[in-house]
Amino acid sequence: MDYRIDNTDFSHITNIGALYAQYSANVKMWSFRAGVRYEYSNLKAKFHDGSAEDFSSDFNDIVPSAGISWRASMSSNFSLNYSSRINRPGITYLNPAVSITPTTLSYGNPDLSSVRNNAMKFTYMLIKQKVAFNATAGFDWADNGIAAVNFIDNNGFIRSTFDNVGQVRQLSLGSFVQWSPGSKTRLMLNASVSYDSYKQNGMTLKRWKKSIYANLTQKLPWNISGELMVMHMDMGPSSVYSYTEVPLKYSLVVNATLRRSFLKEDRLTVSLNCLTPIGDSGMKINTHIVNGSYTGMSSIYQHNVRMLKLSVAYRFGSLNTSVKKTAKTIENNDMIGGKSANSSGSGVGM
């Protein structure tokens with residue numbers, strides 16, 4: 001058996017600089033806000049062993065935001081907000097070094113630009129003593145998403161690279177309500193639905209996506225607290241090539257918990273938790289592959305997804321202890337297709 005080990009002496013450094021500006025004003029019941037961020041990023045990559053040509057990429061991005069809100073009363077508020085963010089391509093997407101197999105050639109694209117994601121959201125909020133309600137309608141879009149590009153060259157090789165050819169549209173509706181009819185009872189409901197559209201090189205994939213989460217907490221006799229949760233989620237599309245669905249009878253899950261604390265300052269807590277699907281003892285996820293030379297479906301089924309758990313926890317120390325925290329932090333979380341734990345290659349960068 002023949003094998004080969006490839007060693008490459010390679011390094012890359014990214015320098016980032018940014019400027020921020022924001023203006024806000026209040027006029028009676030109205031509030032206005034406008035902001036802008038300029039971000040510069042420079043990536044330099046070197047192949048110290050000469051195995052490939054060095055390359056660099058520069059990004060100059062202006063990221064605006066704006067918002068307006070109207071306080072209709074002391075308990076209700078309407079707002080309309082526009083925001084934008086960028087996803088800079090990481091080294092995996094940019095690296096032009098060619099990886100070769102007997103039938104394929106794959107390489108990055110150093111000419112990629114940052115993905116610009118835009119979001120428009122209308123929100124209504126009502127907060128009263130026993131009821132809190134929030135409803136949102138949103139539209140998100142991106143026209144230059146980074147997507148995988150595959151084609152066959154004149155020599156019959158399948159070439160794989162990346163380009164700013166992805167288009168994403170997402171129309172969403174969401175609501176949140178929390179109701180406390182008494183001092184011992186609290187009911188919460190969070191539901192959302194969206195219609196997602198992905199386009200790329202003449203291919204289109206459009207699907208619905210929905211989720212619901214309900215939670216009931218109740219204080220019971222003998223200082224016992226009870227919690228009942230019902231969850232449902234349908235995942236929808238992730239790119240123009242695939243979408244994921246969870247059949248209804250496999251996606252409804254109930255989680256019930258009884259909890260009681262003992263000793264001084266409630267240091268000892270005993271919990272009994274039960275997790276079970278509704279309608280079936282297992283969970284199933286179907287992933288459909290579409291819009292390519294290969295189409296099909298794969299299923300993941302987990303049998304007997306039922307759980308009964310008894311847990312005991314003891315807390316050491318005092319509840320009065322406080323930890324000093326820094327006022328602000330800086331996170332480099334705009335990059336996609338990189339080689340860090342916080343990076344992700346989500347295809348179109350939404």
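On a predicted model such as this, the values are computed, not experimentally measured, just so you know.

Peer 1: Could you clarify how one ought to interpret the overall build of the protein chain in this entry?
Peer 2: The helix and strand inventory of the protein chain stands at 2 helices and 20 strands. Within the protein chain, contacts between residues at least 6 apart in sequence are counted, and of these 59% link residues at least 24 apart. Surface accessibility of the protein chain: about 22,400 Å² in total, with carbon and sulfur atoms responsible for 58%.

Peer 1: Quick question: what am I supposed to make of the pattern of salt bridges here?
Peer 2: When charged atoms on two side chains of opposite charge get close, those side chains can pair. Counted under the stated rule, the structure contains 8 salt bridges. Linking Asp143 and Arg169 is a salt bridge whose minimum nitrogen-to-oxygen distance equals 2.7 Å. Of this pair, Asp143 sits in strand 8 (residues 131–152) while Arg169 sits in strand 9 (residues 158–182); the two residues are 26 residues apart in sequence, bridging distant segments of the chain. Among the salt bridges present, the one from Lys209 reaches Asp196, with a minimum N-O distance of 3.3 Å. Placement of the pair is Lys209 in strand 11 (residues 203–220) and Asp196 in strand 10 (residues 185–200), with a sequence separation of 13 residues. The exposure class assigned to Asp196 is buried, which follows from its relative accessible area of 1%. By sharing partners, the salt bridges in this structure join Arg37, Glu39 and Arg88 into a single network.

Peer 1: Looking at this structure, how should I read unusual backbone geometry?
Peer 2: Generally, phi is negative for residues other than glycine and the peptide bonds are trans, each holding for most cases. The phi angle at Asn201 is positive, at roughly 50°, despite the residue not being glycine. Tracing the backbone shows Asn201 in the loop between strand 10 and strand 11. Among the residues examined, Asn201 registers a relative accessible area of 53% and is labelled exposed.

Peer 1: For this particular structure, what's the right way to read the pairing of strand 16 (residues 268–277)?
Peer 2: Every regular strand shows the same layout, with side chains that alternate between the two sheet faces. Where strand 15 (residues 253–262) and strand 16 come together, 10 bridges link them in antiparallel fashion. Each bridged residue has a counterpart across the sheet, and for Ala256 the counterpart in strand 16 is Cys274. What sits between strand 15 and strand 16 in their antiparallel hairpin is a turn of 5 residues, with Leu263 showing a positive phi close to 70°. Alignment of strand 16 against strand 19 (residues 307–314), held across 8 bridges, turns out to be antiparallel. When the sheet's bridge partners are listed, Leu272 is paired in strand 19 with Leu310.

Peer 1: Looking at this structure, how should I read the confidence of the model for the protein chain?
Peer 2: Any segment with low pLDDT has predicted coordinates that should not be analysed in fine detail. Put simply, the protein chain has an average pLDDT of 85, and 89% of its residues get 70 or more. This model gives residues 340–347 a pLDDT under 50, and the stretch forms 13 contacts once residues within four places in sequence are excluded.

Peer 1: Just to check I follow, could you spell out a nonpolar patch on the surface for this structure?
Peer 2: A cluster of nonpolar side chains, namely Leu80, Met120, Phe122, Phe139, Leu171, Tyr195 and Trp208, defines an oily patch on the protein surface of about 670 Å² accessible area. Topologically, Tyr195 is positioned in strand 10.

Peer 1: Any chance you could explain the sheet that holds strand 18 (residues 296–302) here in plain terms?
Peer 2: Backbone-to-backbone hydrogen bonds pair the strands of a sheet. The strands run either parallel or antiparallel. If you trace the 4 strands from one edge of the open sheet to the other, you get 13-14-17-18, paired in antiparallel fashion. A strand with exactly one partner marks an edge of an open sheet, and here the two such strands are strand 13 (236–237) and strand 18.

Peer 1: In this structure, what is going on with the side chain of Asn109? I would like to understand it.
Peer 2: Inspection of the secondary structure assignment puts Asn109 in the loop between strand 6 (104–106) and strand 7 (115–127). Note on Asn109: relative accessible area 15%, which makes it buried. Only 3.1 Å separates the side chain of Asn109 from the backbone oxygen of Phe162, close enough to count as a polar contact. Not counting chain neighbours up to four residues away, the residues in contact with Asn109 comprise Tyr93, Leu94, Asn95, Thr161, Phe162 and Asp163.

Peer 1: Honestly, the environment of Val63 in this entry has me stumped. Any pointers?
Peer 2: Mapped onto the elements of the fold, Val63 is located in strand 3 (residues 55–70). Sequence separation of Val63 and Gly35 is 28 residues, and the distance between their C-alpha atoms is 8.5 Å.

Peer 1: Please clarify how the side chain of Asp61 should be interpreted in this entry.
Peer 2: Within the secondary structure layout, Asp61 lies in strand 3. The charged side chain of Asp61 is buried without a salt bridge, its nearest counter-charge being Arg116 at 4.3 Å. Setting aside chain neighbours within four positions, we find Asp61 in contact with Arg37, Tyr38, Glu39, Ile86, Ser114 and Arg116.

Peer 1: Hey, could you run me through the packing of aromatic side chains in this one?
Peer 2: Working definition: an aromatic ring pair is given by the centre-to-centre distance plus the angle between the planes. Tallying each qualifying case throughout the model produces 11 aromatic pairs. Seen from their ring centres, Trp30 and Phe32 are 6.5 Å apart, and the 15° between their planes marks the pair as stacked. On the basis of relative accessible area, Trp30 is assigned to the partly exposed category, the value being 39%. Seen in terms of ring centroids, Tyr314 and Phe316 are 4.8 Å apart; in terms of plane orientation they differ by 75°. Their pairing is edge-to-face. Since its relative accessible area comes to 42%, Tyr314 is described here as partly exposed.

Peer 1: What is the right way to read the pairing of strand 15 from this model?
Peer 2: By the bridge criterion, 8 bridges tie strand 12 (residues 224–234) to strand 15 in an arrangement that is antiparallel. Residue pairing in the sheet places Val230 in a bridge with Val254 of strand 15.

Definitions and cut-offs
Residues numbered from 1 in each chain as written. Predicted model: local features only at pLDDT ≥ 70, side-chain atom pairs only at ≥ 80, totals over all residues. Heavy atoms only, no water. Helix = DSSP H or I, 4+ residues; strand = E, 2+ residues; numbered from the N terminus. Contact = heavy atoms within 4.5 Å. Areas by Shrake-Rupley, 256 points an atom, 1.4 Å probe, with all protein chains shown as cover. Salt bridge = Lys/Arg side-chain N within 4 Å of Asp/Glu carboxyl O. Buried < 20%, exposed > 50% of the residue type's maximum accessible area, 1.4 Å probe, protein only. Pairing = 2+ DSSP bridges. pLDDT = per-residue confidence, 0-100. Patch = residues over 30% accessible without salt bridge, like charges linked within 9 Å, V, L, I, M, F, W, Y side chains within 5 Å. Polar contact = N/O pair within 3.5 Å; in protein donor to acceptor, adjacent residues only side chain to side chain. Lys, Arg positive; Asp, Glu negative; His and termini not counted. Phe/Tyr/Trp six-rings, centres within 6.5 Å; stacked < 30°, edge-to-face > 60°.

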